[in-house]
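Below, each chain spelled out in residue letters.
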Amino acid sequence: MTDDQVIAAREKANRVASSRAARIVTGRPDRGARIEETSIDLPGRRLTLRVHRPKGAGRCLPLVVSFHGGGFFAGTAAQNDWLNSHLAARCPAVVVSVEYRLAPEHPLPHPIDDGYDSVVRLVDDAARWGVDPAAVAVMGESAGGTIAGLVALRARTDGPPLRAQALLYPGTDWTEGMTDYPSVRENADNPTLSLSRLRAARKLSLPPTLDPRSVSPLKFDRLAGLPPTLVVTAALDPLADHGRRYVQRLREDGADARLTCYPRATHTFLSTPGLVPAARPARREIVAFLRGHLHPAS
């Protein structure tokens, strides 16, 4: 596909994912949260934010910054309304989903920079957003899990401090060896993330001048000092071993890390609760994990 064809296909898919009809698959948002779109100005660009806020809640709530999946070249914040709205209502927290820039127009590391810069700006303007700058977590699915993981790695040294990270079937290795895992071979033909789509994501999003280790959390030399981490994987997902191996590395370096693998679940299953029943217990686990670290007194 040409770049123009990729962009056209993405825009069509995003219109479908954002439609009310798609909620049969993507799930109905929690009525206890309201959803609004706004924007944030960063150096040289303006990004759209999808903000999920619990109804009737006071000011100064914890902040969860969320990143959607799509291989860095597709996807939209609206596809995570079901998970983000339930998290907002039941944590409770302000959940902000970032419409980061996408390849091929904006290849890596632009999506990573968008993610980190958004977190910094939200925390710096905490009073405006009604959030507690000392109670912040990041969350992401698939490529969004890569972004969340890299934001946490950068925040470890540059700030702001994070209370937790939840990585949902993340891609943690974008080097040439990203397909050299048993789960990739075993699930190469899975329709939710085929081997060909995985390779296409790398080709579209990774410029030849960029060291792929710099966008691969698994390949960082040191993982000590990261916040408590929940990694959710799916047994039928090619990327299952990416998450499993990352948790092993975190534990080896002394980090607090927890791994859950849901059987009979596929890649993207938390974006398709209408098709995959495992999405509901996984959602409950994510809410409980983040609540425990963002509201420790309760």
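Analysis parameters
Residues numbered from 1 in each chain as written. Predicted model: local features only at pLDDT ≥ 70, side-chain atom pairs only at ≥ 80, totals over all residues. Heavy atoms only, no water. Helix = DSSP H or I, 4+ residues; strand = E, 2+ residues; numbered from the N terminus. Rg over C-alpha atoms; globule rule 2.2 N^0.38 Å. Contact = heavy atoms within 4.5 Å. Areas by Shrake-Rupley, 256 points an atom, 1.4 Å probe, with all protein chains shown as cover. Buried < 20%, exposed > 50% of the residue type's maximum accessible area, 1.4 Å probe, protein only. Pairing = 2+ DSSP bridges. Expected span 1.5 Å × (residues − 1). Axes fitted to C-alpha atoms, helices over the stretch in contact; angles between N-to-C directions. Parallel < 35°, antiparallel > 145°, perpendicular 65-115°, else oblique. Left-handed = near helix turned anticlockwise from the far one by under 90°. Right-handed = clockwise from strand over helix to strand, strands pointing away.

1. Overview of the overall build of the chain
Inference 1: Along the chain, the regular secondary structure elements total ten helices and eight strands.
Inference 2: Its C-alpha atoms give the chain a radius of gyration of 17 Å, near enough to 19 Å, the size a compact globule of 298 residues would have.
Inference 3: Counting only C-alpha atoms and orienting by the principal axes, one finds that the chain spans roughly 50 × 45 × 40 Å.
Inference 4: For the chain, long-range pairs separated by at least 24 residues make up 77% of all intrachain contacts whose partners lie at least 6 apart in sequence.
Inference 5: Here the chain has roughly 12,500 Å² of accessible surface; of this, 50% comes from carbon and sulfur atoms.

2. As for the pairing of strand β2 (residues 45-54)
Inference 1: For β2, the buried fraction is high: eight of the ten residues fall into the buried class.
Inference 2: In the sheet, strand β1 (residues 33-42) pairs with β2 via ten bridges, with the strands oriented antiparallel. Looking across to β2, one finds that L42 is bridged to R45.
Inference 3: Taken together, β1 and the strand that follows it, β2, pair antiparallel across an intervening segment of two residues, in which G44 is found at a positive phi of about 80 degrees.
Inference 4: Of the strand pairs in this sheet, β2 and strand β4 (residues 94-99) are connected by five bridges, and their pairing is antiparallel. Its bridge partner being in β4, V51 is matched across the sheet by V96.

3. Remarks on the environment of S142
Inference 1: With respect to the helices, strands and loops of the structure, S142 is situated in the loop between β5 (131-141) and α6 (143-158).
Inference 2: In contact with S142, not counting residues within four places along its chain, are G69, L168, Y169, P170, G171 and H267.

4. Some thoughts on helix α9 (residues 240-252)
Since the α-helix packs 3.6 residues into each turn, any two residues three or four apart lie on the same face.
Inference 1: With 13 residues, α9 extends 19 Å from end C-alpha to end C-alpha; this agrees with the ideal 18 Å at 1.5 Å per step.
Inference 2: Buried residues along α9 sit in contact with α6, β6 (164-168), α7 (182-186), β7 (229-234) and β8 (257-262).
Inference 3: One or two residues past the end of α9 sits G254, with phi positive at roughly 90 degrees.

5. Brief notes about the packing of helix α4 (residues 110-124) against α6
Inference 1: Interhelical geometry of α4 versus α6 gives an angle of 55 degrees and a closest axis separation of 9 Å. On the basis of the axis angle, α4 is oblique to α6. For the element pair α4 and α6, the recorded crossing hand is right-handed. Facing P111, I112, D113, G115, Y116 and V119 of α4, the residues of α6 in contact are I147, L150, V151, R154, A155 and D158.

6. Remarks on the pairing of β6
Inference 1: Summarising burial for β6: five of the five residues are buried, a large majority.
Inference 2: Here β6 shows no split at all, with A164, A166 and L168 on one side and Q165 and L167 on the other all buried.
Inference 3: Strand direction decides the pairing type here: β5 and β6, joined by five bridges, are parallel. The partner of E141 across the bridge, within β6, is L168.
Inference 4: Taking the sense of rotation as the criterion, the β-α-β connection linking β5, α6 and β6 turns out right-handed.
Inference 5: Pairing of β6 with β7 involves four bridges; the strand directions are parallel. Each residue of the ladder has a partner; that of Q165, found in β7, is T229.

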